[in-house]
Amino acid sequence: MATLRGDVGGLELENPVMLAAGILGTTGASLRRAALAGAGAVVTKSIGIEPRDGHPGPGIVHLGVGLLNAMGLPNPSYREFQEEIDIGRTGGSPVVASIFGSSPEEFVEVAGGLDADAFELNLSCPHAQGYGAEIGCHPGDVEEITRAVVREKSVPVWVKLTPNVADIVALGLSAERGGATAVVAINTIKAMAIDVESGYPILGNRVGGLSGPAIKPVAVRCVYDLHSALSIPVIGVGGISCWQDAVEMIMAGASGVQVGSALSGGLDILKSISNGISRYLDRKGMALADLSGLAGRQR
Ligand code: RRO
């Protein structure tokens with residue numbers, strides 16, 4: 001079968017199919033399980049300075065088209081998380097620490113307090129006051145925070161971008177200017193669901209972020225636009241639930257993909273996606289590098 005080994009965002013991976021942030025990334029045991037199930041790299045749940053319980057529940061609801069969540073950045077603080085990263089690493093795949101903060105100083109403190117194979121800066125959570133997209137929608141803040149973490153760490157720094165803006169490319173260019181190794185697109189799309197019997201918003205936080213199949217075309221477009229404009233690699237995430245979705249994201253310009261919501265069907269999806277990509281490459285007589293950004297080269 002065609003090899004999928006290669007560089008993704010500054011990490012040498014066995015395959016480019018990764019565990020996305022937020023799903024199964026809360027404990028070392030679940031990070032390890034995802035790695036053993038075939039993830040080329042695993043991304044942790046976003047970690048910050050202080051412990052947080054997150055938003056009041058319900059925090060997640062299955063809609064017909066995907067998942068709507070407003071977990072609200074629950075995490076034990078970076079001071080309690082290194083052991084989980086170390087356990088996660090025993091799965092044999094690189095562990096990427098997703099981190100958040102409200103300022104460059106907070107990002108630097110969290111990054112400085114953790115030893116991981118790479119960092120993914122969460123500048124895109126759509127429903128956390130003072131964090132995520134509230135900062136990450138300002139190109140100047142994205143650049144400043146990225147630069148601060150890049151100065152602090154010698155491992156790859158990825159920046160996860162919000163699609164909830166008119167111009168995601170401007171944010172990607174800011175991350176690139178700040179020295180990011182790669183950008184990750186996209187976080188969830190700001191959304192809402194209402195229970196029609198009671199008239200109440202379903203989520204405890206009222207609004208949240210939509211993931212799953214409904215957002216894949218948005219993610220593909222964002223990856224395509226970013227790949228066309230940036231010199232650094234783009235990692236694609238959003239609604240990938242089968243190998244065809246991954247191939248499409250790679251054709252849009254992704255050099256790696258992350259899988260999140262689809263894992264609610266089990267971890268086997270990770271291997272099934274990477275095996276599907278390999279078989280597709282064999283059938284087409286192509287290498288992975290031929291596939292990346294193919295859509296932008298077709299005329
Ligand atoms: O914790 C969350 O509610 C959350 C985060 Br940190 C994120 O980045 N994206 C999302 O949809 N939810």
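As a reminder, the structure under discussion sits directly above these lines.
One structure accompanies this document, and this report is about it. Keep in mind it's a predicted model, so treat the numbers as computed, not measured.

Quick word on the pattern of salt bridges
- Counted under the stated rule, the structure contains 12 salt bridges.
- Between Asp-245 and Lys-216 there is a salt bridge; the shortest N-O distance is 3.0 Å. Highlighted residues: Asp-245 in helix 8 (residues 243–252) and Lys-216 in helix 7 (residues 216–229), separated in sequence by 29 residues.
- The closest approach of N and O atoms between Glu-248 and Lys-216, which form a salt bridge, is 2.8 Å. Placement of Glu-248 in helix 8 and of Lys-216 in helix 7 is noted, with a sequence separation of 32 residues between them.
- In this structure Lys-216 comes out as buried when scored by relative accessible area, which is 16%.
- Taken together, the shared-partner salt bridges connect Asp-86, Arg-89, Asp-115 and Asp-117 into one network.

What to know about helix 1 (residues 28–36)
- All buried positions along helix 1 are accounted for by Gly-28, Ser-30, Leu-31, Ala-34 and Ala-35.
- Buried residues along helix 1 sit against strand 3 (17–19), strand 4 (42–43), helix 2 (82–89), strand 7 (95–99) and helix 9 (268–284).
- Count one or two residues on from helix 1 and you reach Gly-38, which has phi positive near 120°.

As for the site of the ligand
- Around the ligand sit 13 residues in total, of which Lys-45, Gly-72, His-127, Asn-187 and Thr-188 are the nearest.
- Take Asn-69: an N or O atom from its side chain is 2.9 Å from an oxygen atom of the ligand.
- In the model, an oxygen atom of the ligand is placed 2.7 Å from a nitrogen or oxygen of the Gly-72 main chain.
- When the ligand is considered free in solution it has 310 Å² of accessible area, and contact with the protein chains removes 92% of it.

Structural notes on the packing of aromatic side chains
- Within this structure, the stated rule accounts for two aromatic pairs.
- Judged by centre distance (5.1 Å) and plane angle (85°), the ring pair of Phe-100 and Tyr-131 falls under edge-to-face. With Phe-100 in the loop between strand 7 and helix 3 (104–112) and Tyr-131 in the loop between strand 8 (118–122) and helix 4 (133–136), this residue pair connects regions lying 31 residues apart in the sequence.
- Taking relative accessible area as the criterion, Phe-100 reaches 3% and is therefore assigned buried.
- Owing to a relative accessible area of 18%, Tyr-131 belongs among the buried residues under this scheme.
- Aromatic side chains Trp-243 and Tyr-280 sit 5.7 Å apart centroid to centroid with 45° between the ring planes, which places their arrangement in the tilted category. One end of the pair, Trp-243, is in helix 8; the other, Tyr-280, is in helix 9, with 37 residues separating them in the sequence.

Quick notes on the pairing of strand 13 (residues 234–237)
- What you see with strand 13 is no split at all: Val-234 and Gly-236 on one side and Ile-235 and Val-237 on the other are buried throughout.
- In this sheet, strand 13 lies alongside strand 10 (residues 182–185) in parallel orientation, the contact comprising three bridges. Bridge pairing links Val-184 to Ile-235 in strand 13.
- Here strand 13 runs beside strand 14 (residues 254–259); their pairing, made up of four bridges, is parallel. Looking at strand 14, one finds that Val-234 is bridged to Ala-254.
- Each parallel crossover has a hand, and the one from strand 13 via helix 8 to strand 14 is right-handed.

Examining the nonpolar core
- The biggest cluster of nonpolar side chains holds 78 residues, and the ones touching the most others in it are Ile-99, Leu-114, Leu-121, Leu-226, Leu-270 and Ile-277.
- It is helix 9 that provides the largest number of residues to this core, a total of six residues.
- Beyond its immediate sequence surroundings of up to four residues, Leu-270 is in contact with Val-17, Met-18, Ala-34, Ala-37, Gly-38, Ala-39, Val-259 and Leu-263.
- Listed in part, the 15 residues of the second largest apolar core include Leu-13, Val-43, Ala-118 and Ala-182.

What about the sheet that holds strand 12 (residues 207–211)?
- Pairing is antiparallel across the open sheet formed by four strands, whose spatial order is 5-6-12-11. Looking along the sheet, the strands with just one partner apiece sit at the ends: strand 5 (60–63) and strand 11 (189–192). Across this sheet, the average inter-strand angle for adjacent strands is 35°, counted without regard to direction.
- Bridge analysis of strand 6 (residues 66–69) against strand 12 gives three bridges, and the strand direction is antiparallel. From the neighbouring strand, Leu-67 faces strand 12, where its bridge partner is Ser-211.

Remarks on the packing of helix 5 (residues 139–152) against helix 6 (residues 168–178)
- Closest axis-to-axis distance for the helix 5/helix 6 pair is 7 Å, and the angle between their directions is 30°. Between helix 5 and helix 6, the crossing angle belongs to the class labelled roughly parallel. The interaxial crossing formed by helix 5 with helix 6 has right-handed handedness. Taking contact as the criterion, the partners of Pro-139, Val-142, Glu-143, Thr-146, Arg-147 and Val-150 in helix 5 are, on helix 6, Ala-170, Leu-171, Ser-174, Ala-175, Arg-177 and Gly-178.
- Residue classes in the contact of helix 5 with helix 6 are distributed as six nonpolar, three polar and three charged.

Quick notes on the rules
Residues numbered from 1 in each chain as written. Predicted model: local features only at pLDDT ≥ 70, side-chain atom pairs only at ≥ 80, totals over all residues. Heavy atoms only, no water. Salt bridge = Lys/Arg side-chain N within 4 Å of Asp/Glu carboxyl O. Helix = DSSP H or I, 4+ residues; strand = E, 2+ residues; numbered from the N terminus. Buried < 20%, exposed > 50% of the residue type's maximum accessible area, 1.4 Å probe, protein only. Contact = heavy atoms within 4.5 Å. Near = heavy atom within 4 Å. Polar contact = N/O pair within 3.5 Å; in protein donor to acceptor, adjacent residues only side chain to side chain. Areas by Shrake-Rupley, 256 points an atom, 1.4 Å probe, with all protein chains shown as cover. Phe/Tyr/Trp six-rings, centres within 6.5 Å; stacked < 30°, edge-to-face > 60°. Pairing = 2+ DSSP bridges. Right-handed = clockwise from strand over helix to strand, strands pointing away. Core = buried A, V, L, I, M, F, W, Y, C linked by side-chain atoms within 4.5 Å. Axes fitted to C-alpha atoms, helices over the stretch in contact; angles between N-to-C directions. Parallel < 35°, antiparallel > 145°, perpendicular 65-115°, else oblique. Left-handed = near helix turned anticlockwise from the far one by under 90°. Nonpolar A, V, L, I, M, F, W, Y, C, P; charged D, E, K, R; others polar.

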